[in-house]
Amino acid sequence: MTSSRDPVSSGARCTRRGFLDVVVRGGLACAGANVFGCSRDTGAAATNASPSASASAAADARETVRVGYLPITDAAPLLVAHGRGFFDAEGLAADRPVLLRSWPQIAEAFQARQIDVAHLLMPMTVWLRFSEHYPVKVVAWDHVDGSALTVTPSVQAVSDLAGRVVAVPFWYSIHNVILQELLRKNGLTPVLRGEPSLAKREVKLVVMAPPDMPPALASGAIAGYIVADPFNALAEIAGSGKILRFTGDVWQNHACCVVVLHEDDVRGRPAWSQKVVNAIARAQLYARENRDATATLLSKDGSGYLPQPKAAIARALAHYDAGEYAKSGAIQHPDGARARIDFEPFPFASYTEKLVALLKSTRVEGDTAFLAELDPARVHAELVDDRFARAAIQALGGPDRFGLPASLARTERVSP
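Computed from a prediction, not measured in an experiment: that's the story for all the values here.

Thresholds applied
- Residues numbered from 1 in each chain as written.
- Predicted model: local features only at pLDDT ≥ 70, side-chain atom pairs only at ≥ 80, totals over all residues.
- Heavy atoms only, no water.
- Helix = DSSP H or I, 4+ residues; strand = E, 2+ residues; numbered from the N terminus.
- Contact = heavy atoms within 4.5 Å.
- Areas by Shrake-Rupley, 256 points an atom, 1.4 Å probe, with all protein chains shown as cover.
- Pairing = 2+ DSSP bridges.
- Axes fitted to C-alpha atoms, helices over the stretch in contact; angles between N-to-C directions.
- Buried < 20%, exposed > 50% of the residue type's maximum accessible area, 1.4 Å probe, protein only.
- Core = buried A, V, L, I, M, F, W, Y, C linked by side-chain atoms within 4.5 Å.
- Phe/Tyr/Trp six-rings, centres within 6.5 Å; stacked < 30°, edge-to-face > 60°.
- Lys NZ or Arg CZ within 6 Å of the ring centre and 35° of its normal.

S.K.: Give me the lowdown on the overall build of the chain, citing residues and values where you can.
M.R.: Within the chain, the secondary structure is distributed over 20 helices and 15 strands. Nonlocal contacts in the chain, meaning residues at least 24 apart in sequence, comprise 79% of its contacts between residues at least 6 apart. Of the roughly 15000 Å² that the chain leaves accessible, carbon and sulfur atoms contribute 50%.

S.K.: A description of unusual backbone geometry should follow, citing residues and the corresponding values.
M.R.: Here D229 and P230 are connected by a cis peptide whose omega angle stands at 15°. With respect to the helices and strands, P230 occurs in the loop between β12 (224-228) and α10 (231-238). One non-glycine residue, H133, adopts positive backbone phi at about 60°.

S.K.: Explain the sheet that holds strand β14 (residues 257-262) residue by residue, including any values.
M.R.: Ordered in space as β4-β2-β5-β14-β6, the 5 strands form an open sheet in which the pairing is mixed. If you trace the sheet from one side to the other, it starts and ends with β4 (98-99) and β6 (136-141), each paired once. Inspection of the sheet shows β6 paired to β14 by 5 bridges, in the antiparallel sense. Among the inter-strand pairings, V138 is bridged to a residue of β14, identified as V260.

S.K.: Quick rundown of the sheet that holds strand β13 (residues 242-246)? Include the residues and the values.
M.R.: Strand order in the open sheet formed by 6 strands is β10-β11-β9-β12-β8-β13, with mixed pairing between adjacent strands. Strands with a single pairing partner mark the edges of an open sheet, and in this sheet they are β10 (189-191) and β13. On average, adjacent strands in this sheet sit at an angle of 30° to one another, irrespective of strand direction. Where α10 meets the sheet, it contacts β8 (147-151), β12 and β13, and its direction lies at approximately 130° from that of β12.

S.K.: Go over the pairing of β8 with me, naming the residues and quoting the values.
M.R.: Of all 5 residues making up β8, 5 are buried, and the element is well covered by its neighbours. Side chains S147, L149 and V151 project from β8 onto one buried face, and the interleaved A148 and T150 project onto a second face that is buried too. Relative to β13, β8 runs antiparallel, the two being bridged by 4 bridges. Each residue of the ladder has a partner; that of L149, found in β13, is R245.

S.K.: Account for the nonpolar core, naming residues and giving values.
M.R.: Side chains of nonpolar character tend, in soluble globular proteins, to be buried together. Among the nonpolar cores identified, the biggest contains 127 residues, and F87 and W103 are the most heavily contacted of them. No other element matches helix α13 (residues 270-289), which puts 10 residues into this core. Leaving out residues up to four positions away in the same chain, W103 has contacts with L70, I72, H119, L120, L121, M124, P169, F170, P210 and C257. In this structure, A148, F246, Y320 and I331 belong to the second largest nonpolar core, which totals 8 residues.

S.K.: Explain the packing of aromatic side chains to me, and be specific about the residues and the numbers.
M.R.: One pass over the full model with this rule turns up 11 aromatic pairs. Ring plane angle 80° and centroid distance 5.1 Å describe the contact between W141 and Y351, whose orientation is recorded as edge-to-face. With W141 in strand β6 and Y351 in helix α17 (residues 349-359), the pair connects residues that are 210 residues apart, well separated along the chain. Under the relative-accessibility criterion, W141 is labelled buried at 0%. Relative to Y320, the ring of F246 has its centre 5.0 Å away and its plane inclined at 65°; by these criteria the two rings are edge-to-face. Placement of the pair is F246 in strand β13 and Y320 in the loop between α15 (310-318) and α16 (322-328), with a sequence separation of 74 residues. Overall, F246 belongs to the buried group, its relative accessible area being 2%. Members of the aromatic cluster, joined through ring pairs, are W141, W251, F346, F348 and Y351. Geometry around Y305 places R96 over its ring, the cationic atom sitting 4.4 Å from the centre.

What follows is the structure, given as structure tokens:
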């Protein structure tokens, strides 16, 4: 990348215009723009307090952790860390995590320093750091897999999506990357504007907030969506949709959401950062080993972190029947993903590098010139700091506790 703006030294902020350029042109108005009362100012973090008061408040809050999340099972480690007291066990004072509706909202809250830790889409972190020059740092993976392409019951194969509309949660998402790989493998062309042509075998992609996807599918406004659970499970339970393909079956054990911190916290507060990752890794282990209890904790029937009923969340966490889904074609590689969703903290370099390579051929709205300049290995080195995840994994018994290779190295398998 040749830009002279260094995200580390400049501390530059991603502007609201940057979000609107990527999001609104894709069909999603960034609802709740004034998240947490944040200003629309594109300069420094907005506040009505004096500089000295702001500094004092920041000092008082240095051992707190403020969490933001979307109402999806991807957020489970952050929510379990709060609900099971794992943040408290690390000596961190954690307020109840704040639920946000869309990816633009959660990223904007993170940029405005209204939250300290969040789960963000891994491709979004690439865009934030290298296009918008915001100093975000990936310190761990949040989960692997956990998403699917859900379609209206009349769709029998990916090729049936020709001439139709499919929703993605954000342009810079693993969902968009995997969907476009699937479309191209089946001779379809993704388009972002206008009406899709059946004759030209086009599929129109639109951005939509995850909670809006099941109603849009049920009403016939879209033919399908690719998103995190439990929104796929909700459509299955309601009978309004079916899973055409699990994303983990396309890209084995892929990261979707990752745990992000502000780079100045990573550099200036390494002990605090380690405590945050310790709590999240412990929560991941708990979620892996206690899926039913986790579903209860997350659901509206339990602690109410997620607005969905336990039945949908339990299905999202545990229902991955190889026979059932192999018959339907949703699973085509039964030797691949271990579960519908899994939880592991280590951020593999091979994944970052493969993702950057695929992003270069993925259609998105907005200026994509920065992608051509990215070196995959450099992206991982600058974006990801794996030392906290390594330490947390060892403290919890080593890689095997998470089903990870002892070498903490792997080869990526993408099989659309």
